[in-house]
Amino acid sequence: MLTTKDLLALDRKLLWHPYASTRTPYPANLAASASGTRIHLADGTELIDAVSSWWCVCHGHNHPAIVEAVRRQAEKLMQIMFAGFTHKPAIHLAELLTAALPPRLNKVFFSDSGSVSVECALKMALQYQYARGERTRNRFATVRGGYHGDTIGAMSVSDPEGMHQMFEGVLGRHFFAPRPAVRFTEAWDPAAFEPMETLLERHGNEIAAVILEPVFQGANAMNFYHPEYLRMLREATRERGILLILDEVATGFGRTGKFFAMHYANITPDILCVGKGLTGGAITLAATVASEEVADAISAVPPGKFMHGPTFMANPLACAAGCASLELFNQYDWAGNVAAIEAQLRRELETLRPLENVADVRALGAVGVVELKRTPTPETVQEIVLQTGVWLRPFGNWLYTMPPFITTPAEITTIVNAMREIASRH
Ligand SMILES: *Cc1c(COP(=O)(O)O)cnc(C)c1O
């Protein structure tokens, strides 16, 4: 039997972790199981998952209803090609998903991950403009501070500060407006939309679509902005024949307090990307949902089909998990829980604001952010994780929590205290 130490040594020898060096990897914990808000390590240590395992596990880990749905599906059909076949889990999931969306969004294209759903959205926008004879519209516009995934296309519309330099040769040249300047909690100022308006006015004929994350800019900004920006953007794109793509991979399924963040602005995009929480975080699955108009335009003109088709498209196990997860939203007061988590995070994170190392604190829905002045070291974070029993994983200066919606008030307090420990170091 290999000990934990042996396994971690093998991990170090053979595996490459996300955004990691193979020479000096971040410490890795050996997970054995998880349930609800808790992750159990092989050595018996229990951690509260304060980041929902990268923002996915909205109802908590291994929810019995999702486990049961996957188990039952596994006995019948684990995988089948989606060309020439369909199956009940995919059909039912498309029904549940579109029922939660504005009626215009009714063509569901499943894929494997959030990044791929973004690739599909970008390709749909290009094919749509091509089909309409708008052959000059082959670039995208977005805002700074965005994050849309790690594949080449998704990276090309993500914040240019990060990885653009290294990959410059292959990234398309797209248009970046400044990040939305008015915060969610501030009074709206129409001047904040002017840079985007000017960009669209100047380059409108080259732009196929605008893509952005509604209300909450995640991995590259951890910032909440005013929904009025989205209302103005919806108008400005519509007037110019530019499509609007909303990337709700992080914000979808209740994370910001509304079921979708676009509901804060009461707008409907032409194309929507969802992922992360789609299966309740159980299995990787994403979807790109297009309006009838987009789907129809692409289908009307040769080649008359959308040119994409992942091998594991609409995997039955993932779709079964998705159905179970969407049904769970009707079985408990998730919105009440998220509102209570937001109120508690706002109140308790405020007590961290006076700390010398804290630049800002903010919260919306089940997202709480502490912006630090100095980046904590991985070793400090790991030490405090084990000492407090709270799993936190800051990126750079953003120390944040995105707990599962079933996290109790006592657990939220424990999470905030662990954040305080990290923020108070040096
Ligand atoms: C995480 C994320 C993605 C990428 O999803 P993956 O499943 O990691 O490929 C895309 N867009 C947003 C907004 C995300 O938060």
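The structure we're discussing is the one just above.
Described below are features of the structure shown in this document. These numbers come from a predicted model, not from an experiment.

1. Some words on the pairing of strand β14 (residues 367–372)
When you tally the buried positions in β14, you get 5 out of 6 residues, the bulk of the element. Sheet topology places strand β13 (residues 358–364) next to β14; 6 bridges connect them, and they run antiparallel. Opposite A363, over in β14, you have G368 as the bridge partner. The turn joining β13 and β14, which pair antiparallel and follow one another in sequence, is formed by 2 residues; a positive phi near 55° is taken by G365. In this structure, β14 lies alongside strand β16 (residues 398–401), joined through 4 bridges in antiparallel fashion. Bridging from a neighbouring strand, V370 pairs with L399 of β16.

2. Some remarks on the site of the ligand
Neighbouring residues of the ligand: W55, S113, G114, S115, Y147, H148, G149, E213, D247, V249, A250 and K276. Separating an oxygen atom of the ligand from a backbone N or O atom of G114 is a distance of 2.9 Å. At 2.6 Å from an oxygen atom of the ligand is found a side-chain nitrogen or oxygen belonging to K276. The fraction of the free accessible surface of the ligand (380 Å²) that becomes covered by protein chains is 82%. A breakdown of the residues in the shell around the ligand according to their chemical character gives 4 nonpolar, 5 polar and 3 charged.

3. Looking at the packing of aromatic side chains
Each aromatic ring pair is specified by the distance between its two centres and by the angle formed by the two planes. Summed over all chains, the structure comprises 17 aromatic pairs. On the basis of an interplanar angle of 80° and a centroid distance of 5.1 Å, the ring pair of F184 and Y264 is categorised as edge-to-face. One end of the pair, F184, is in the loop between β6 (175–177) and α8 (194–203); the other, Y264, is in the loop between β10 (243–247) and β11 (271–274), with 80 residues separating them in the sequence. Members of the aromatic cluster, each reached through a chain of ring pairs, are F253, F259, F260, F329, W334 and F405. Across the ring face of Y130, the terminal group of R135 is positioned such that the distance to the ring centre comes to 3.7 Å. The ring of Y26 carries R393 above its face, with NZ or CZ at 3.7 Å from the centroid.

What counts and how
- Residues numbered from 1 in each chain as written.
- Predicted model: local features only at pLDDT ≥ 70, side-chain atom pairs only at ≥ 80, totals over all residues.
- Heavy atoms only, no water.
- Buried < 20%, exposed > 50% of the residue type's maximum accessible area, 1.4 Å probe, protein only.
- Helix = DSSP H or I, 4+ residues; strand = E, 2+ residues; numbered from the N terminus.
- Pairing = 2+ DSSP bridges.
- Near = heavy atom within 4 Å.
- Polar contact = N/O pair within 3.5 Å; in protein donor to acceptor, adjacent residues only side chain to side chain.
- Areas by Shrake-Rupley, 256 points an atom, 1.4 Å probe, with all protein chains shown as cover.
- Nonpolar A, V, L, I, M, F, W, Y, C, P; charged D, E, K, R; others polar.
- Phe/Tyr/Trp six-rings, centres within 6.5 Å; stacked < 30°, edge-to-face > 60°.
- Lys NZ or Arg CZ within 6 Å of the ring centre and 35° of its normal.

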